[in-house]
Amino acid sequence: MHCSSPKMVCETKIVADEHEAIAGTKKDSIIVSSSQMWTSSSPSPSALESKVEKRNQVFIREFERSDHEEVRRIFNEGIMERIPNSAFRGLKQQTRTQIIYAFLTVMCYVMTKSFTLTFCAPFILMGARYYYSRKVILYYLDCALHTDMADIEAYYMKPTGSCFWVAVLQGQVVGIVAAQGREDDNTLELRRMSVDSRFRGKGIAKALGRRVIEFAMLNNYSAVVLGTTAVKMAAHKLYESLGFRRVGDTEDYTLPGMTRSPLERLFFQIRYSRYRLQLHEE
């Protein structure tokens with residue numbers, strides 16, 4: 001099975017006071033606590049507060065070979081969440097599809113005169129959406145696990161201008177993010193960002209995003225870009241909070257493995273949003 005490397009890209013704009021957050025080269029690591037991410041100064045903590053803060057610190061470091069199993073687990077979990085999100089939450093954003101499904105439900109009654117079948121029609125339609133969402137997204141996941149996520153070192157660690165980081169909390173890998181340099185337009189693509197569902201809401205994704213932005217600045221990229229099919233508004237708000245600006249949307253985006261058959265087009269639609277964070281003029 002041939003799988004082209006799928007892309008997930010983000011773009012953001014950075015403000016002046018964030019520029020000094022990290023200094024150094026690609027090999028540098030950083031420590032980010034939840035308090036450091038939101039305030040630049042705070043009163044001197046007590047010994048107990050210092051201990052609690054240290055325990056809650058998120059350590060962002062480069063990917064190591066021993067991280068591979070946990071990285072794949074977190075990535076797999078994040079992609080699998082897209083199945084119900086695309087099937088059910090995504091329908092809220094698709095007015096045209098809602099109208100089509102309503103029409104099909106009415107036609108079911110017109111043709112069968114059966115209240116039972118008409119009552120079941122929406123559940124059948126939702127079941128079909130789940131089936132096709134699962135089919136397409138599992139193929140996408142398989143492609144990713146056989147391309148860049150199969151050999152992270154070759155795809156991200158060895159090429160100049162690219163990197164892969166993990167977020168570590170209390171000795172456990174809890175988040176991932178990749179950055180891939182694009183020489184054709186001197187931009188850095190943010191990819192594969194995902195956080196373990198048990199550790200969300202702690203600012204980990206924001207710390208990972210900032211690490212990518214700072215890496216882009218240190219390597220003189222003109223912009224950070226990304227593309228996302230995320231349905232949850234929280235993901236889009238995260239990119240905007242980092243300074244990214246939405247630069248376009250594509251309806252009915254084609255993921256790797258999609259056949260675009262009539263049934264697939266009817267039961268699986270996905271929106272692809274592009275973001276950009278301009279760091280300096282080219």
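Residues numbered from 1 in each chain as written. Predicted model: local features only at pLDDT ≥ 70, side-chain atom pairs only at ≥ 80, totals over all residues. Heavy atoms only, no water.

**Quick word on the overall build of the chain**
Working step 1: Helix and strand counts for the chain come out as ten helices and eight strands.
Working step 2: Counting only residues that meet the buried cut, the chain has 46% of its 282 residues in that class.
Working step 3: For the chain, the proportion of contacts with a sequence separation of at least 24, taken over those separated by at least 6, is 77%.
Working step 4: Carbon together with sulfur atoms contributes 56% to the accessible area of the chain, which is approximately 14800 Å² in total. (Helix = DSSP H or I, 4+ residues; strand = E, 2+ residues; numbered from the N terminus. Buried < 20%, exposed > 50% of the residue type's maximum accessible area, 1.4 Å probe, protein only. Contact = heavy atoms within 4.5 Å. Areas by Shrake-Rupley, 256 points an atom, 1.4 Å probe, with all protein chains shown as cover.)

**Concerning the nonpolar core**
Working step 1: Counting residues in hydrophobic clusters, the biggest one holds 65 residues, and the most contacted among them are Met149, Phe164 and Phe244.
Working step 2: Here the element with the most residues in this core is helix α6 (residues 115-145); it accounts for nine residues. (Core = buried A, V, L, I, M, F, W, Y, C linked by side-chain atoms within 4.5 Å.)

**Digging into the UniProt feature "transmembrane region" (unreviewed entry) in the chain**
Working step 1: Summarizing the sequence annotation, UniProt attributes the feature "transmembrane region" (unreviewed entry) to residues 99-125 in the numbering used throughout.
Working step 2: In this annotation, residues 99-125 is assigned 93% helix and 0% strand; the end-to-end C-alpha distance for the span is 13 Å. (UniProt positions renumbered as here; feature names shortened; annotations may be inferred.)

**Some words on unusual backbone geometry**
Working step 1: In this structure, asparagine 186 takes a positive phi of about 55 degrees despite not being glycine.
Working step 2: The partly exposed category is assigned to asparagine 186, whose relative accessible area is 31%.
Working step 3: Non-glycine residue asparagine 220 carries a positive phi angle of around 60 degrees.
Working step 4: Its location among the elements puts asparagine 220 in the loop between α8 (204-218) and β6 (223-228).

**Here we look at the packing of helix α3 (residues 68-80) against α6**
Working step 1: Axis separation between α3 and α6 bottoms out at 10 Å; the angle between their running directions is 160 degrees. As far as their axial angle goes, α6 and α3 are roughly antiparallel. The two elements α3 and α6 meet at a crossing, and its hand is right-handed. On α6, the residues touching Arg72, Phe75, Asn76, Ile79 and Met80 of α3 are Arg134, Ile137, Leu138, Tyr140, Leu141, Ala144 and Leu145.
Working step 2: Considered class by class, the residues forming the contact of α3 with α6 number nine nonpolar, one polar and two charged. (Axes fitted to C-alpha atoms, helices over the stretch in contact; angles between N-to-C directions. Parallel < 35°, antiparallel > 145°, perpendicular 65-115°, else oblique. Left-handed = near helix turned anticlockwise from the far one by under 90°. Nonpolar A, V, L, I, M, F, W, Y, C, P; charged D, E, K, R; others polar.)

**As for the packing of aromatic side chains**
Working step 1: According to the stated counting rule, one finds 13 aromatic pairs in the structure shown.
Working step 2: Where tryptophan 165 meets phenylalanine 215, the ring centres are 5.2 Å apart and the plane angle is 75 degrees; that geometry is what we call edge-to-face. Of this pair, tryptophan 165 sits in strand β3 (residues 163-169) while phenylalanine 215 sits in helix α8, and the two are 50 residues apart along the sequence. Phenylalanine 215 shares its class with tryptophan 165; the two are buried.
Working step 3: With a centroid separation of 6.4 Å and an interplanar angle of 75 degrees, the aromatic rings of tyrosine 239 and phenylalanine 244 are classed as edge-to-face. Across this residue pair, the class does not change: tyrosine 239 and phenylalanine 244 are buried.
Working step 4: One aromatic cluster is present, built from ring pairs that chain together Phe63, Tyr155, Tyr156 and Phe164. (Phe/Tyr/Trp six-rings, centres within 6.5 Å; stacked < 30°, edge-to-face > 60°.)

**Considerations on the state of the cysteines**
Working step 1: Across all of its chains, the model carries zero disulfides by this definition.
Working step 2: With no disulfide of its own, cysteine 108 lies 8.5 Å from the sulfur of cysteine 120, the closest cysteine sulfur. (Disulfide = S-S within 2.5 Å.)

**Here's the deal with the pattern of salt bridges**
Working step 1: In this structure the tally under the stated criterion is 14 salt bridges.
Working step 2: In this structure, aspartate 185 engages arginine 182 in a salt bridge whose closest nitrogen and oxygen atoms are separated by 3.2 Å.
Working step 3: According to the relative accessible area criterion, aspartate 185 is partly exposed, its value standing at 26%.
Working step 4: You can call arginine 182 partly exposed: its relative accessible area is 22%.
Working step 5: For the salt bridge of arginine 182 with glutamate 189, the shortest nitrogen-to-oxygen distance reads 3.8 Å. (Salt bridge = Lys/Arg side-chain N within 4 Å of Asp/Glu carboxyl O.)

**Some words on helix α9 (residues 233-241)**
Working step 1: Residues of α9 that are buried include every one of Ala235, His236, Leu238 and Tyr239, and no others. All buried residues of α9 fall inside an arc of 155 degrees around its axis, so they share one side. The exposed residues of α9 that point more than 90 degrees off its buried face are Ala234 and Lys237.
Working step 2: Packing partners of the buried residues in α9 comprise β5 (187-195), α8, β6, β7 (245-250) and β8 (272-278).
Working step 3: Positive backbone phi, approximately 110 degrees, marks glycine 243, located one or two places after α9. (Arc of directions from axis to C-beta.)

**Topic: a nonpolar patch on the surface**
Working step 1: Judged by side-chain polarity, Val106, Tyr109, Val110, Met111 and Phe115 come together as a nonpolar surface patch covering roughly 550 Å² of accessible area.
Working step 2: With respect to the helices and strands, phenylalanine 115 occurs in helix α6.
Working step 3: Accessibility expressed as a relative area gives 65% for phenylalanine 115, which makes it exposed. (Patch = residues over 30% accessible without salt bridge, like charges linked within 9 Å, V, L, I, M, F, W, Y side chains within 5 Å.)

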